[in-house]
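Examining the three-dimensional arrangement
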Amino acid sequence: MTDVAGTEKISDLPRRLLTRGAPAGSTGQWRSLAYDAPWGNLAIFSRDGGVASGLMPLDHFDGGIGVLQQQGAVRVTRTLT
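Reading the values: the criteria
Residues numbered from 1 in each chain as written. Predicted model: local features only at pLDDT ≥ 70, side-chain atom pairs only at ≥ 80, totals over all residues. Heavy atoms only, no water. Helix = DSSP H or I, 4+ residues; strand = E, 2+ residues; numbered from the N terminus. Buried < 20%, exposed > 50% of the residue type's maximum accessible area, 1.4 Å probe, protein only. Contact = heavy atoms within 4.5 Å. Areas by Shrake-Rupley, 256 points an atom, 1.4 Å probe, with all protein chains shown as cover. Pairing = 2+ DSSP bridges. Polar contact = N/O pair within 3.5 Å; in protein donor to acceptor, adjacent residues only side chain to side chain.

1. Re the overall build of the protein chain
Summing up its helical and strand segments, the protein chain has zero helices and seven strands in all. Secondary structure elements in the protein chain, listed N-terminal to C-terminal, are β-β-β-β-β-β-β. Here the protein chain, with 81 residues, has 35% of them falling under the buried criterion. Taking the intrachain contacts of the protein chain between residues at least 6 apart in sequence as the baseline, contacts between residues at least 24 apart amount to 52%. A total of about 5500 Å² of accessible surface is found on the protein chain, and carbon and sulfur atoms cover 52% of it.

Here is the structure:
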């Protein structure tokens, strides 16, 4: 994942997600996973962000995400159970 302004890490997806019925936008919140529809990528927030048009919250991490707060790119794997 690539660092963006120390607020979020983003990653490209192999294809865009469907957004029908999604909210017009939301606020990026600390420890949240979101889909940024205008850019077509995933974002994990390491700090609270501002309101963004087309940002769709997907999940929230309860555990520590300290690795996301380090500068630069990181490798992240999310396993669905």
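Next, the rest of the story.
2. Points about the pairing of strand β2 (residues 8-12)
In this structure, strand β1 (residues 2-4) lies alongside β2, joined through three bridges in antiparallel fashion. Bridge pairing in β2 links Thr2 to Ile10. Hairpin geometry of β1 and β2 is characterised by an intervening segment of three residues between the two adjacent antiparallel strands and by a positive phi of about 55° at Ala5.

3. Section: the side chain of Ser26
Positionally, Ser26 belongs in strand β3 (residues 25-27). For Ser26, a relative accessible area of 16% puts it in the buried group. A polar contact is formed between the side chain of Ser26 and the backbone oxygen of Leu55, at a distance of 3.0 Å. Setting aside its immediate chain neighbours within four residues, Ser26 contacts Gly50, Val51, Ala52, Leu55, Met56 and Pro57.

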